[in-house]
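# Structural description and commentary
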Amino acid sequence: MPVFNGQRTVAGAINSILSQTYDNWELIIIDDGSTDKTYEEVYKFKDERIRYILRENSGIVGTRNFGNSVAKGEYCIVQDADDYSLPDRLEKVIEVFRQTKSDVVIHDGYTNGWDQQYGCLRRSYLRGRGDVLKNQIPGWPAYRRECWIKKPFRLETQYSYDWMMHLDWFLSGFKYEFIKEGLYEYVRYAGSASDRFEKAGLRAKSFEKIKEIVKKEYGVETNT
């Protein structure tokens, strides 16, 4: 779980993991140089399965890569510091890994976005199955750590690394499985990092870089 200045939300994300029906996990929280009291919120939790590491700011890709490098488990499951995993998420994902030979497991989820008109969060259902080449698969995958070792997240696609992640893995032949059930709550607050990146045009620049990479390395055209 990467976190940057997440003192208002990180406790909720941690509690969603503590509430899982599957309990054989480690939660690695990588603090990307927070300047608020994120650490105080994390230290309120005394569970030995939670590891907290504070580093100098390096951005989301560097933080995720570092987290995966210190992980001990066979599987990695994305959890952001302002989102929530529903209680049976880990149990159902691990079951799919064990029953199939899949490398990556994607499930449906819920998006919670700020509605300017009504001044509140609006919740909608998002299917996990989509066209990878059109950036239609969400960025909350579960995957074998071996996938990341072979194809780590790319620093040059910082602001849309998750699309590049799926393209690298899918076009490299990694096997995907899908769960048709909402198991994750993605929350996008007004003024969030995703909001800022999009308004500043940084995501659009990453999209163009991704298209260049995929055409050059895989000979494939993408479309957003």
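Before any of the text, the structure's been laid out above.
This report concerns the structure included in the present document. (Residues numbered from 1 in each chain as written. Predicted model: local features only at pLDDT ≥ 70, side-chain atom pairs only at ≥ 80, totals over all residues. Heavy atoms only, no water.)

## Considering the nonpolar core
Proteins that are soluble and globular tend to have nonpolar side chains buried together. Short version of the rule: Grouping buried Ala, Val, Leu, Ile, Met, Phe, Trp, Tyr and Cys residues that are joined through side-chain atoms within 4.5 Å yields what is termed a nonpolar core. Only protein chains enter the accessibility calculation, which uses a 1.4 Å probe; a residue whose area is less than 20% of its type maximum is buried, one above 50% is exposed, and one in between is partly exposed. Strands here mean DSSP runs of E at least two residues long; helices mean DSSP runs of H or I at least four residues long; both are numbered from the N terminus. We call two residues in contact whenever any of their non-hydrogen atoms come within 4.5 Å of each other.
Membership of the largest hydrophobic core comes to 23 residues, with the highest contact counts inside it found for Val104, Tyr143, Phe153, Met164, Leu167, Trp169 and Ile210. Where this core is concerned, the elements lending two or more residues are β6 (104-115), α5 (145-150), α6 (161-171) and α8 (202-218). Dropping the residues within four chain positions of it, Ile210 is found in contact with Thr157, Ser160, Trp163, Met164 and Leu167. Counting residues in each nonpolar core, the second largest holds 18 residues, with Val3, Ala13, Tyr22 and Ile94 among its members.

## A closer look at the pairing of strand β3 (residues 50-55)
The following threshold applies: When DSSP locates at least two bridges between a pair of strands, those strands are taken to pair. Crossover handedness is defined by viewing with both strands directed away from the observer: a clockwise path from the first strand over the helix to the second marks the crossover as right-handed.
When strand β2 (residues 27-32) meets β3, the two strands line up parallel, connected through 6 bridges. Opposite Leu27, over in β3, you have Ile50 as the bridge partner. What joins β2 to β3 is helix α2 (residues 38-43), and the crossover it makes is right-handed.

## Thoughts on the pairing of β2
Of all 6 residues making up β2, 6 are buried, and the element is well covered by its neighbours. Bridge count for strand β1 (residues 2-3) against β2 is 2 bridges, and the pairing is parallel. Its bridge partner being in β2, Pro2 is matched across the sheet by Ile30. Each parallel crossover has a hand, and for β1 linked through helix α1 (residues 10-18) to β2 it is right-handed.

## Describing the environment of Lys92
Structurally, Lys92 is set in helix α4 (residues 89-99). The sequence separation of Lys92 and Leu167 amounts to 75 residues, and the corresponding C-alpha distance is 24 Å. Those residues in contact with Lys92 that lie beyond four places of it in its chain are Ile179, Glu181 and Leu183.

## Digging into the packing of aromatic side chains
To describe a pair of aromatic rings, one takes the distance between the centres and the angle between the planes. Going by this rule: We call Phe, Tyr and Trp rings a pair once their centres come within 6.5 Å, taking the six-membered ring for Trp, and we label the pair stacked below 30 degrees between planes, edge-to-face above 60, and tilted otherwise. Sitting over a ring, as applied to charges here, requires NZ of Lys or CZ of Arg to be within 6 Å of the ring centre and within 35 degrees of the ring normal.
Applying the stated criterion across every chain yields a total of 12 aromatic pairs. When the ring of Trp163 is compared with that of Phe207, the centres are 5.5 Å apart and the planes differ by 85°; the resulting orientation is edge-to-face. Of this pair, Trp163 sits in helix α6 while Phe207 sits in helix α8; the two residues are 44 residues apart in sequence, bridging distant segments of the chain. For the pair Trp163 and Phe207, a shared accessibility class is recorded, and that class is buried. Following the ring pairs from residue to residue traces out a cluster consisting of Tyr143, Phe153, Tyr161 and Trp169. The ring of Phe66 carries the charged tip of Arg55 above its face, separated from the ring centre by 4.1 Å.

## Section: α4
Selection rule: Working note: the arc is built from the helix axis to C-beta atom directions.
The complete set of buried residues in α4 reads Arg89, Leu90, Val93, Ile94, Val96 and Phe97. Seen end-on, α4 carries its buried residues on one side only, within an arc spanning 155°. Along α4, exposed side chains directed more than 90 degrees from the buried face belong to Arg98 and Gln99.

## Things to note about the packing of α6 against α8
The cut-off we apply is this: Inter-axis angles, ranging from 0 to 180 degrees, are taken between N-to-C directions of lines fitted to C-alpha atoms, where helices are fitted over the stretch in contact. Our angle categories are set so that under 35 degrees counts as roughly parallel, over 145 as roughly antiparallel, 65 to 115 as roughly perpendicular, and the remainder as oblique. Crossing handedness is read from the near helix: turned anticlockwise from the far helix by less than a right angle, it gives a left-handed crossing, and turned clockwise, a right-handed one. Each residue gets one label: Ala, Val, Leu, Ile, Met, Phe, Trp, Tyr, Cys and Pro are nonpolar, Asp, Glu, Lys and Arg are charged, and the others, such as Gly, are polar.
Contact pair α6 / α8: the axes reach a minimum separation of 10 Å and the direction vectors enclose 15°. Here α8 runs roughly parallel to α6, going by the angle between their axes. The handedness of the crossing between α6 and α8 comes out as right-handed. Contact with α6, carried on its side by Trp163, Met164, Leu167, Asp168 and Leu171, involves Phe207, Ile210, Ile213, Val214 and Tyr218 of α8 and no other residues of that element. Taken together, the residues of the contact of α6 with α8 break down into 9 nonpolar, no polar and 1 charged.

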